[in-house]
Amino acid sequence: MLLILLLAACGLCQSAALRCSRQIGQFSPGVSLRYKEALTPGAADAALRYARSEQNAGAVVPTFWREDELTMQAPASGRVRQALCLGFDGQANAVYGADYLAGTAPGSGSTAACAVSAPLAWSLWGSQDVCGQTLTLQTADGKESRYLVCGIFCCGEELLLYTAGSGQAFSCLELTNVSRDHPTQSVRQFLAGAGLGEPERICYDEAMAWCADGLARLPQTLLAAACLAGLLFGLPWSRTLRRLLWFAAALAAALLLPGWLAGLPGWLVPDRWGSIAAWSALLEAGRERLSDWMTLVPTARDVLVRLRLIETCLGVTGSLLCGLAACLVWVLSRK
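Residues numbered from 1 in each chain as written. Predicted model: local features only at pLDDT ≥ 70, side-chain atom pairs only at ≥ 80, totals over all residues. Heavy atoms only, no water.

> Provide a residue-level description of the packing of aromatic side chains, including the pertinent values.
Per the counting criterion, the structure on display carries six aromatic pairs. Ring centres of Tyr147 and Tyr162 lie 5.6 Å apart, and the angle between their planes is 70°; this geometry places the pair in the edge-to-face category. One end of the pair, Tyr147, is in strand E7 (residues 144-153); the other, Tyr162, is in strand E8 (residues 159-163), and 15 residues separate them in sequence. Here Tyr147 and Tyr162 have matching classes, each one buried. Aromatic rings pair up to connect Phe27, Tyr96, Tyr100 and Phe153 into one cluster. (Phe/Tyr/Trp six-rings, centres within 6.5 Å; stacked < 30°, edge-to-face > 60°. Helix = DSSP H or I, 4+ residues; strand = E, 2+ residues; numbered from the N terminus. Buried < 20%, exposed > 50% of the residue type's maximum accessible area, 1.4 Å probe, protein only.)

Set out below in structure tokens:
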């Protein structure tokens, strides 16, 4: 009975870790660039024109966005609220890829659509059934704009996602469809072609999401390895049959290795496996990217990603501890 409970707890922790890593992937679709001085509307418009032109050989997709504490009013209820607002010009999911309870995210190119979090919907209208309602927002430039609510998304705080459109300054830029194998070159090529200046921080969020997913799958990988070892050593195989099983396991690993390596981002695969310098360069690149991400002045989305990363680590730790305890119980029960 204890063994079943431990295995169930291991599975629950593993499921929680995988769910959190999936959410990290939702909020980390590409590369995030943060500017100390906000980009002018002219610079953003020029970059968007370049992205739509044939000169953008890498087909990188830019999304400009900003985060402000703004005042809004719901005309239907008369309620006024001040909340965190994410204004974007591009793709909504590149800025805040949340799960939607109703409706959809604001579409690219629309300048009169917005989506609200469930807590904000309750604060302004006292209900979550608010798709089609209108909202008056006092934007960062002091103007009032009316928006149509097109979606309600999951979030633990009051948050508004709206289409800012051109004419506003943006301090953040998300680049999606960036090369997985050579993200640094892809980003540099786009910045040079679009005529954008050097950002204060470049965060390779997609790489961080991939690492979080790999971490979340660690317990099931170790469990599979433990089951294989138990199968090879725990059963009374003859010496000849045991050698055949080892050969089959090694052959299967050799056949699966190329496919596994092909699924890795190119920057994670060293150029020369036997070169210490290549491994040192790989570790240094990983350290620099982690340092840039950890020292970043966090936005609301960054805070959420960090919380999910902590939850992923806790889930993995719980799964490993429960798995080790289950193995210990199983070994003791056989004595």
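> Explain the pattern of salt bridges residue by residue, including any values.
Any two side chains of opposite charge can pair, on the condition that their charged atoms come close. Across all of its chains, the model carries nine salt bridges by this definition. The partner of Arg188 in a salt bridge is Glu198, and the shortest N-O contact between them spans 2.6 Å. Of the two residues, Arg188 is situated in helix H5 (residues 183-194) and Glu198 in the loop between H5 and strand E10 (201-203); the sequence distance between them amounts to 10 residues. Accessibility expressed as a relative area gives 37% for Arg188, which makes it partly exposed. (Salt bridge = Lys/Arg side-chain N within 4 Å of Asp/Glu carboxyl O.)

> Give a description of the pairing of strand E9 (residues 170-176) that names residues and reports values.
Across a regular strand the side chains alternate sides, sitting on one face of the sheet and then on the other. Of all seven residues that make up E9, six are buried, and the element is covered over most of its length. Judged from the five bridges that link them, strand E1 (residues 31-39) and E9 form a sheet pairing that is antiparallel. Bridged to Leu39 within E9 is Phe170. Judged from the five bridges that link them, strand E2 (residues 61-74) and E9 form a sheet pairing that is antiparallel. The partner of Trp65 across the bridge, within E9, is Cys172. (Pairing = 2+ DSSP bridges.)

> Before we move on, could you go through the side chain of Arg34 and cite the residues and values that matter?
Along the chain, the position of Arg34 falls in strand E1. Within polar-contact distance, the side chain of Arg34 engages the side chain of Asp302 at 2.9 Å. (Polar contact = N/O pair within 3.5 Å; in protein donor to acceptor, adjacent residues only side chain to side chain.)

> Could you give me a rundown of a nonpolar patch on the surface, with the residues and numbers involved?
Judged by side-chain polarity, Val303, Leu307, Ile310 and Leu314 come together as a nonpolar surface patch covering roughly 380 Å² of accessible area. Looking at the secondary structure, you find Ile310 in helix H10 (residues 300-333). (Patch = residues over 30% accessible without salt bridge, like charges linked within 9 Å, V, L, I, M, F, W, Y side chains within 5 Å. Areas by Shrake-Rupley, 256 points an atom, 1.4 Å probe, with all protein chains shown as cover.)

> Let's hear about the packing of helix H2 (residues 41-52) against H5: which residues, and what values?
Closest axis-to-axis distance for the H2/H5 pair is 9 Å, and the angle between their directions is 115°. Helix-helix and strand crossings are classified by hand; for H2 and H5 the assignment is right-handed. Contacts between H2 and H5 involve Ala47, Tyr50 and Ala51 on the former and, on the latter, Gln189, Phe190, Gly193 and Ala194. When the residues that make up the contact of H2 with H5 are grouped by side-chain class, the tally is five nonpolar, two polar and no charged. (Axes fitted to C-alpha atoms, helices over the stretch in contact; angles between N-to-C directions. Left-handed = near helix turned anticlockwise from the far one by under 90°. Contact = heavy atoms within 4.5 Å. Nonpolar A, V, L, I, M, F, W, Y, C, P; charged D, E, K, R; others polar.)

> Could you give an account of the packing of helix H6 (residues 205-216) against H10, with specific residues and numbers?
Axis angle and axis distance: for two packed helices, these are the angle between their axes and the distance between the axes, and together they describe the pair. H10 packs onto H6 with a crossing angle of 20° between their chain directions and a minimal axis gap of 9 Å. Taken as axis vectors, H6 and H10 run roughly parallel relative to one another. Here H6 and H10 pass one another in a crossing that is left-handed. In this structure, H6 uses Asp205, Ala212, Leu215 and Ala216 to contact H10, whose residues at the interface are Arg301, Leu309, Thr312, Cys313 and Val316. When its residues are assigned to classes, the contact of H6 with H10 shows six nonpolar, one polar and two charged. (Parallel < 35°, antiparallel > 145°, perpendicular 65-115°, else oblique.)

> Requested: an account of the side chain of Thr176, with residues and values cited.
On the secondary structure map, Thr176 appears in strand E9. Excluding residues that lie within four positions of it along the chain, Thr176 makes contacts with Pro29, Val60, Val61, Gln91 and Ala94.

> How would you sum up the pairing of E2? Please name residues and give values.
Here E2 pairs with strand E3 (residues 79-89) via 11 bridges, running antiparallel. In the sheet register, Arg66 faces E3, and the bridge partner there is Gly87. Between the end of E2 and the start of E3, which pair antiparallel, lie four residues, with Gly78 showing a positive phi angle near 80°. Relative to strand E6 (residues 134-138), E2 runs antiparallel, the two being bridged by three bridges. Among the inter-strand pairings, Thr71 is bridged to a residue of E6, identified as Gln138.

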